[in-house]
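Tertiary structure, described
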Amino acid sequence: MAGMSLIWWLWRATNLYAILLVAMVGTHLEVLQAVNGQAPAPSPCQGVVLTYNVSDIKMIYPYLSAGNPLQPYSFAATATITNEGYKTLSDWEMGIQFNHSEILVSASSAVLADGTSFPAPVGNGTILTGYPARTIKNAISTAGDPSQIQVQVSLVGTEFGSDGNTSYPLPLSINLTNSGYTCSNSSRTSVNSMRVCCAENATANVTLQTEEYQPLETGDITISYDVIMAYTANYWAQVTISNNDPIGRLDYWNLTWDWQEGEFINKLQGAQALSSDTDLCVYGPAEQQYSDGQPDLNSVVSCDKSPHIVDLPPAYYNTTLGEVPFCCRNGTLLPATIDPSQSKSVFKMNVYKLNPYLNVTQLDPPANFAINSGNQTGTYNCGQPQLVTPSQFADPSGLLHTTSALKSWQVTCNYTKTPATSPKKCCVSFSAYTNDSIIPCKTYACGAPATPPPTTCNATAPALLLPYGALTIPPDNRTAQLVAWADINHWSVPNPLPCESNCGVSINWHIVSNYTTGWSARMSVFDWSTTTYPNWFVAIDLGAAGAGFQSAYSFNATWVPQLNDTLILQGTKGYNDYLLGTQGVYGATNYSYGIQQSVFGFTTNPGISVDTGYGFPQQVWFNGEECSMPDYFPTSGAALHLVVPRTLGVFLLALFVFSLGLIL
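Note that the structure is predicted; figures quoted are calculated from it, not measured.

So, on to the sheet that holds strand 18 (residues 308-311). Taken in spatial order, the four strands make up an open sheet running 17-18-15-20, and their pairing is antiparallel. Edge positions in the sheet fall to strand 17 (271-273) and strand 20 (367-372), since each of these pairs with one other strand and no more. Going from strand to strand, the sheet's axes swing by 25° on average, the running direction of each strand aside.

Here we take up the environment of S437. Mapped onto the fold, S437 is located in strand 27 (residues 437-438). A relative accessible area of 6% means that S437 is categorised as buried. Taking the C-alpha atoms as reference points, S437 and P634, 197 residues apart in sequence, are found 7.7 Å from one another.

Further remarks concern the environment of N185. Here N185 shows up in the loop between strand 10 (181-183) and strand 11 (187-190). Between the C-alpha atoms of N185 and V196, which are eleven residues apart in sequence, the distance is 6.5 Å. Those residues in contact with N185, other than ones at most four positions away along the chain, are R195 and V196.

Further remarks concern the nonpolar core. The biggest cluster of nonpolar side chains holds 38 residues, and the ones touching the most others in it are I507, W509, M523, V525, V538, F602 and F622. Not counting chain neighbours up to four residues away, the residues in contact with I507 comprise C427, V428, S429, M523, S524, V525, V538, V620, F622 and C627. In terms of nonpolar packing, the next biggest core, distinct from the first, is built from 33 residues, I221, A230, A237 and V411 among them.

Below, the discussion takes up the side chain of S513. When you line up the elements, S513 lands in strand 29 (residues 505-514). Look at S513 and you get buried, because its relative accessible area is 14%. Within the structure, the side chain of S513 is placed 2.6 Å from the side chain of S520, a separation counted as a polar contact. In contact with S513, not counting residues within four places along its chain, are Y433, W519 and S520.

Thresholds applied
Residues numbered from 1 in each chain as written. Predicted model: local features only at pLDDT ≥ 70, side-chain atom pairs only at ≥ 80, totals over all residues. Heavy atoms only, no water. Pairing = 2+ DSSP bridges. Helix = DSSP H or I, 4+ residues; strand = E, 2+ residues; numbered from the N terminus. Axes fitted to C-alpha atoms, helices over the stretch in contact; angles between N-to-C directions. Buried < 20%, exposed > 50% of the residue type's maximum accessible area, 1.4 Å probe, protein only. Contact = heavy atoms within 4.5 Å. Core = buried A, V, L, I, M, F, W, Y, C linked by side-chain atoms within 4.5 Å. Polar contact = N/O pair within 3.5 Å; in protein donor to acceptor, adjacent residues only side chain to side chain.

The structure is reproduced here in structure tokens:
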């Protein structure tokens, strides 16, 4: 019995020792991990895991001193995105909050989501997205294949000022910017790496995808890149630029992108490249690939890594350089609300590839698309190409037969307006049958001229009221009329006189009549510049009064109720669709200026009072550009009325009529 007890105690002691040994070993491993700068293995993440690891950093020229905030260092890092969730991650985007004034020089298998080319300043943070592949599948649908559930991006760049220490400069944070995920706080896993888990917002069904097509997006401009024919070494692509902005317009569009795999343009139809740069082909990698002269590198269209493509003039439409439907319009894209057939441009190009991409199935679009317009003051911000369902094309002969692109991508671009303080390109004046004066365009409404005017003027004084006879006189020749009108009405005149508007285009909106059941207005568009505007148009936001629109007498008019009851006006083709520029010198017999006019009829809707400002536009655009608006509108007699919310109109009208002496 004593022997059995001894055996039991030995067995128990052995187990306790084993448990203690395991605990000691585990603790020892954690200590070793901490000593080596490694954290314990992270917990699983039901979503997407992002890691950032800095592998190298070294001081580079110019040498200043360690700790100097201007001392540059090169760095190499690896960003890893691993899908540990249920969903397939489409169009992945990884945000990196850099904080050492970094300049990113290159990124393998990725580009910047905002379309900026490398090298790019990213000191305030940036977003990476995949190129050419942008989809990361889930482990369940791929049997955990690392090549399909994980992406590694090798980053090389420059950062400034490491404060003299030898630690690896990590970003402030990393995160997944895709919707449908919630990211935890970024945590350091060692002195040179960090990690974050972005969990799926809800448990999802496993997604099994054979092709990762993205839904078509809407934007002010969309660009379709369709591969319509493919061969081992080259392919034909059709590029379509569509203007979807209901009041936006492009003139002289200029399209650029960055080739990512050494491609070059051999042939181009329906557009032209601004430069060929054939030396880049003749003396570069293309010569080694195509030394047999097929194609002839001396006659290719463009070897530029970032080609600039512009439209052709209409005269080339029926030539071998044209012959593409919707091409050759001098780069003009009208809104589809005016003419759908003139809202898009199309061109085709023959693209040659280099090794190791010589495969008929290796079809990748360029990246970093950018488009701008010669007539706009704002900018377009474009995303990266997204793989979409192949485009369908109708048979040009009119048959029911349709053809399909081999592969299609879509780029979405949105217009960013200039700040409200930026100079305009047009201005608006108000007048009415109830008042003898015209509320003029504002002083320097379109900014100060590059060359100061010959006579000194007051850049801050309000513009003087105009007599009707001065409306058709060029703004810089109205001085005598302004002074005489002020003298007749006993108004004080500042010295020096207010500067004129400096706008090439001005628009006068005049209330012609106002009856119980309806009212009418006349719009006059003046061109004081030497520029002629073909296919011009004006968009007017009349607010609640716009719903009463009935007719336009010499313009084509389209009422767009879904756009704040905006009225879009344009000339009739072949009659008044050209706004001619000014010719000759004022006072000379050959002097002329551009003007187009029309009268419009409206019904008076309940709650609408034309006399309290409802008859005047709230906003006006000329050729898609927002115009400078007056701060007042005319009322009966000599009173002026501040532009205010319409519900206050009647009250303030009575108040200003009572205080006529304010401006008399």
